[in-house]
Every structure is written in C-alpha cells, then in structure tokens.
Amino acid sequence: FARKLDDRAVIAVVPRHFFRLTHQDPSASASSTPTSSPRADWGDTTLVLPENAPEAWHCEFSGRTLEAAVGDDTLTLRAGDLFEILPVALLTAPKI
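Conventions we followed
- Residues numbered from 1 in each chain as written.
- Predicted model: local features only at pLDDT ≥ 70, side-chain atom pairs only at ≥ 80, totals over all residues.
- Heavy atoms only, no water.
- Pairing = 2+ DSSP bridges.
- Helix = DSSP H or I, 4+ residues; strand = E, 2+ residues; numbered from the N terminus.
- Contact = heavy atoms within 4.5 Å.
- Axes fitted to C-alpha atoms, helices over the stretch in contact; angles between N-to-C directions.
- Buried < 20%, exposed > 50% of the residue type's maximum accessible area, 1.4 Å probe, protein only.
- Core = buried A, V, L, I, M, F, W, Y, C linked by side-chain atoms within 4.5 Å.

### Some details on the sheet that holds strand β3 (residues 46-48)
The three strands lie next to each other as β3-β7-β6, forming an open sheet whose pairing is antiparallel. Each edge of the open sheet is held by one strand with a lone partner, namely β3 and β6 (69-70). Pairing between β6 and strand β7 (residues 75-78): two bridges, direction antiparallel. Bridge assignment links Ala-69 to a residue of β7, and that residue is Thr-76.

### So, the environment of Glu-55
Note on placement: Glu-55 falls in the loop between β3 and β4 (56-59). Each C-alpha atom of the pair Glu-55 and Thr-76 lies 8.6 Å from the other, and the pair is 21 residues apart in sequence. The residues touching Glu-55, leaving out its near neighbours within four places in the chain, are Leu-66, Glu-67, Ala-68, Val-70 and Leu-75.

### Overview of the sheet that holds strand β8 (residues 89-93)
Here we have five strands laid out as an open sheet, ordered β1-β2-β8-β4-β5, and antiparallel in their pairing. Two strands bound the open sheet, and with one partner strand each, they are β1 (2-5) and β5 (65-67). Adjacent strand axes in the sheet meet at a mean angle of 25 degrees, parallel and antiparallel pairs treated alike. Here two bridges tie β4 to β8, and the two strands are oriented antiparallel to one another. Paired with His-58 across the two strands is Thr-92, which belongs to β8.

### Overview of the side chain of Thr-76
Positionally, Thr-76 belongs in strand β7. Setting aside residues no more than four positions away along its own chain, Thr-76 makes contact with Thr-46, Leu-47, Val-48, Ala-68 and Ala-69.

### Considering the environment of Ala-9
In this fold, Ala-9 is placed in strand β2 (residues 8-13). When its relative accessible area of 11% is taken as the criterion, Ala-9 is described as buried.

### Focus: unusual backbone geometry
Despite not being glycine, Asp-6 has its phi angle at roughly 55 degrees, a positive value. Relative to the elements of secondary structure, Asp-6 occurs in the loop between β1 and β2. For Asp-6, a relative accessible area of 67% puts it in the exposed group.

### What to know about the pairing of β7
Where β3 lies against β7, three bridges are found, and the strand directions are antiparallel. Looking at β7, one finds that Leu-47 is bridged to Leu-77. Connecting the antiparallel pair β6 and β7 is a turn made up of four residues, with Asp-73 showing a positive phi of about 65 degrees.

### Thoughts on the nonpolar core
Residues Val-13, Leu-49, Trp-57, Leu-77, Leu-82 and Leu-91 are the most contacted members of the largest nonpolar core, which totals 19 residues. Going through the elements one at a time, β2, β4, β7, α3 (79-82) and β8 are the ones with two or more residues in this core.

Structure follows, in structure tokens:
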C-alpha cells in the first residue's frame, strides 16, 4: 500500500501467509519455546518500488534505513531485509 503527497511518500508492507512461512515444519513449531521467534525464509522475494521512488527508505517501526537495489528500470527491497525485525514495515521517504 503506497501513498504520495507532494514530495513525501509512505509504503505500508505486510506479508500474506506469514504463519505458513514461519511454520512449515510441524515439529519445529512444537519444539519452539515461548521466547523464540519463528523466522520466515523469504528466499529471493523482493518488493518492487513504485516508479520514480527514491533508493533510500526509513522504516518507522525498526528505525533502520533500507537501500533499494537498482535493477533494469526498477528499484527493489529484499523481503528478508524488510521483515528482519518485525513482520510488518512502514517505510517513509525523505523527499521524492
């Protein structure tokens, strides 16, 4: 979900089927402790950014700055980087 107003932009990113991504092995969830966090295997999953998006994005939840990879006319962010700390991300761009 992306929105742009004047020179500011925000993108809310929420994965689908997160539980399934983190609990593919039934024995793994049975052996996990209440303090352990399940990790999703995002593989090569990426988020394609909107056209004319900046390369640098700030995650309001984690406080981290993420740099997009430049491809053939597209900018992408790795899902593994986006969801490394939390399974959601609220990205803001300084100025477009």
